[in-house]
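Structural overview for review
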Amino acid sequence: RDNPAASAMRDIPATSHRYANNRAMDFAYSIVVQVRDFDSPDFSGEATASATVVNVKPSVAPITIDGGASVFLEGDTITIRGSYDDASPEDRHLVSVDWGDGSTSQASVDASSRTYSATHRFLDNGLKLQADGTFEADIEVTVTDSDLAKTSITTTVTVNNDVPLPFIEPVAGSTPAAVRLAAKV
């Protein structure tokens, strides 16, 4: 044997490690492998490498609307729900909703199940008037992880004008001979 040390080399069983999260600003993790031979004389060796773990954006499932409706009247309340996932079990998430009518809100988030819900009342028609006279509101949900990576998903609902209900009532100062009326919508 020309190289007795080479003939004595043995393969070390492979091992793996899952990094639960990236480091701040994607700094690299140092990996150090140490090997020691306790025979006489005592020998040891060390090798180093680095691994950069990059943040992955959260993924978002389609938005669901309670009751399954997609057409609403102004004044109606809508509740949406959904879920998201993230490769990192350590990331925390914020879920914001743009309701498509000029208003936004934060959703309630259940971090353990990675689900959210949000409720909104359309006070007036949405902002996008369609050719058929209806209004559409694009509801956009954005999930942001603790590393500020964002993923958005959108669904569209129709918000129709509610027919006003006028009524007439007598006002103070009316008499049987002269009834003064006020109309309200």
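The paragraphs below set out a description of the structure included in this document. (Residues numbered from 1 in each chain as written. Predicted model: local features only at pLDDT ≥ 70, side-chain atom pairs only at ≥ 80, totals over all residues. Heavy atoms only, no water.)

Details of the overall build of the protein
- Looking only at helices and strands, the protein has one helix and 15 strands in total.
- The buried share of the protein, taken over its 185 residues, is 25%.
- Nonlocal contacts in the protein, meaning residues at least 24 apart in sequence, comprise 52% of its contacts between residues at least 6 apart. (Helix = DSSP H or I, 4+ residues; strand = E, 2+ residues; numbered from the N terminus. Buried < 20%, exposed > 50% of the residue type's maximum accessible area, 1.4 Å probe, protein only. Contact = heavy atoms within 4.5 Å.)

Quick look at the side chain of Ser88
- You can see Ser88 is positioned in the loop between strand 6 (77-85) and strand 7 (93-98).
- A polar side-chain atom of Ser88 sits 3.1 Å from the main-chain amide nitrogen of Glu90.
- In contact with Ser88, other than residues within four places in its own chain, are Ala20, Asn21 and Arg114. (Polar contact = N/O pair within 3.5 Å; in protein donor to acceptor, adjacent residues only side chain to side chain.)

Digging into the side chain of Asp91
- With respect to the element layout, Asp91 can be found in the loop between strand 6 and strand 7.
- Within the buried set, Asp91 has no salt-bridge partner at all; the shortest N-O distance to an opposite charge, 6.5 Å, is to Arg114.
- Among the polar contacts made by the side chain of Asp91, one reaches the side chain of Ser146 at a distance of 2.9 Å.
- Once you skip the residues sitting within four places of it in the chain, Asp91 turns out to touch Asn21, Asn55, Asp86, Arg114, Asp145, Ser146 and Asp147. (Lys, Arg positive; Asp, Glu negative; His and termini not counted. Salt bridge = Lys/Arg side-chain N within 4 Å of Asp/Glu carboxyl O.)

Let's talk about the pairing of strand 7
- Residues His93, Val95 and Val97 point to one face of strand 7 and are all buried, whereas Leu94, Ser96 and Asp98, pointing to the other face, are not buried.
- One ladder, built from six bridges, connects strand 7 with strand 12 (residues 135-145); its direction is antiparallel. Bridge pairing in strand 12 links Leu94 to Thr144.
- Bridge count for strand 7 against strand 8 (residues 104-106) is three bridges, and the pairing is antiparallel. Across the sheet, Asp98 pairs through a bridge with Thr104, a residue of strand 8.
- Following strand 7, the chain reverses through five residues before pairing antiparallel with strand 8; Gly100 in that reversal takes a positive phi of roughly 80°. (Pairing = 2+ DSSP bridges.)

As for unusual backbone geometry
- The backbone phi angle of Arg114 is positive, close to 55°, even though this residue is not glycine.
- Despite not being glycine, Leu148 has its phi angle at roughly 70°, a positive value.
- Counting through the fold element by element, Leu148 comes out in the loop between strand 12 and strand 13 (150-160).
- Taking relative accessible area as the criterion, Leu148 reaches 67% and is therefore assigned exposed.

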